[in-house]
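Given next are the chains, with one letter for each unit.
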Amino acid sequence: MNKTTNLNTLSQEHQKVQSKYEFMVKHKKELIKELAEKEKALTSLRNNREGLKTISADDLDLNEADENEKVSRYLISQGKITMEQNEKVLKKMDVLKLDYLGVCLALGLIDIKTGKQAIKANKVHSRSK
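Residues numbered from 1 in each chain as written. Predicted model: local features only at pLDDT ≥ 70, side-chain atom pairs only at ≥ 80, totals over all residues. Heavy atoms only, no water.

Things to note about the overall build of the chain
At step 1: Summing up its helical and strand segments, the chain has six helices and zero strands in all.
At step 2: When the helices and strands of the chain are placed in sequence order, the string is α-α-α-α-α-α.
At step 3: Looking at the chain residue by residue over its 129 residues, the buried ones come to 26%.
At step 4: Considering only contacts within the chain whose residues lie at least 6 apart along the sequence, 57% involve residues at least 24 apart.
At step 5: By element, 55% of the accessible surface of the chain is carried by carbon and sulfur atoms, the whole surface being about 9600 Å². (Helix = DSSP H or I, 4+ residues; strand = E, 2+ residues; numbered from the N terminus. Buried < 20%, exposed > 50% of the residue type's maximum accessible area, 1.4 Å probe, protein only. Contact = heavy atoms within 4.5 Å. Areas by Shrake-Rupley, 256 points an atom, 1.4 Å probe, with all protein chains shown as cover.)

Structure, rendered in structure tokens:
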């Protein structure tokens, strides 16, 4: 009987710890997303206030971002697209089954030359890792 009680107690503690872990993982994802949004907003503010047109990839800390995220941040930092356009592109990616640049081109937000510049800037950063 004592073993059953101990087993039930341990099972309840395990469930509590598991719930807390799942909450923390979800919270971490939300914080990462919030950080990315704030970095984009900061870059946009820098561009609008000071007219900056060149921000290095290191300033944006792109080491952990995927390729679409890197291109997204680059285009925003260069003032090629707005935050609202970025959100629209992200939503359309699943529908159109295209990558980030493909959707930007399809929606007419950027031209081919800008797309090539984004790819080039992204490749330069990828090599420097």
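Here we look at the pattern of salt bridges
Think of it this way: side chains of opposite charge can pair up when their charged atoms draw near.
At step 1: This structure, assessed with the given rule, holds five salt bridges.
At step 2: Ionic pairing is found between Glu67 and Lys70, a salt bridge with its closest N-O pair at 3.6 Å. A residue pair is termed a helical-turn pair when its members lie 3 or 4 positions apart in one helix, as Glu67 and Lys70 do in helix α3 (residues 67-77) at three residues.
At step 3: Note on Glu67: relative accessible area 43%, which makes it partly exposed.
At step 4: Connected through salt bridges with shared partners, the residues Glu39, Lys40, Glu69 and Arg73 form a single ionic network. (Salt bridge = Lys/Arg side-chain N within 4 Å of Asp/Glu carboxyl O.)

Regarding α3
At step 1: For α3, the tally of buried residues reaches nine of 11 residues, placing the bulk of the element in the interior.
At step 2: For α3, the set of buried residues is Glu69, Lys70, Val71, Ser72, Arg73, Tyr74, Leu75, Ile76 and Ser77.
At step 3: Just past α3, the residue Gly79 takes up positive phi, approximately 75°.

Describing helix α4 (residues 83-96)
At step 1: When the terminal C-alpha atoms of α4 are compared, their 20 Å separation across 14 residues agrees well with the 20 Å that a helix rising 1.5 Å per residue should span.
At step 2: Along α4, the residues classified as buried are Met83, Asn86, Val89 and Met93.
At step 3: Within two residues after α4, Lys97 carries a phi angle of roughly 55°, on the positive side. (Expected span 1.5 Å × (residues − 1).)

Here's the deal with unusual backbone geometry
At step 1: Phi angles above zero are rare outside glycine, and Lys97 is one such case at about 55°.
At step 2: Among the secondary structure elements, Lys97 is positioned in the loop between α4 and α5 (100-106).
At step 3: Classification of Lys97 as exposed rests on a relative accessible area of 69%.

Examining the nonpolar core
At step 1: With 14 residues, the main nonpolar core has Leu75 and Tyr100 as its most contacted residues.
At step 2: Residue assignment for this core shows that the elements contributing at least two residues are α3, α4 and α5.
At step 3: Discounting chain neighbours no more than four positions away, the residues touching Leu75 are Lys80, Ile81, Tyr100, Leu101, Cys104, Ile110, Thr114 and Ala118. (Core = buried A, V, L, I, M, F, W, Y, C linked by side-chain atoms within 4.5 Å.)

Overview of a nonpolar patch on the surface
At step 1: Where nonpolar side chains cluster on the molecular surface, the patch consists of Val95, Leu96, Leu98 and Leu107 and spans about 320 Å² of accessible area.
At step 2: With respect to the helices and strands, Leu96 occurs in helix α4. (Patch = residues over 30% accessible without salt bridge, like charges linked within 9 Å, V, L, I, M, F, W, Y side chains within 5 Å.)

Observations regarding the confidence of the model for the chain
At step 1: On average, residues of the chain score 81 in pLDDT, and 81% of them reach the 70 mark or higher.
At step 2: Within the chain, helix α2 (residues 57-60) has the poorest average pLDDT of any element, 52, and α5 the best, 92. (pLDDT = per-residue confidence, 0-100.)

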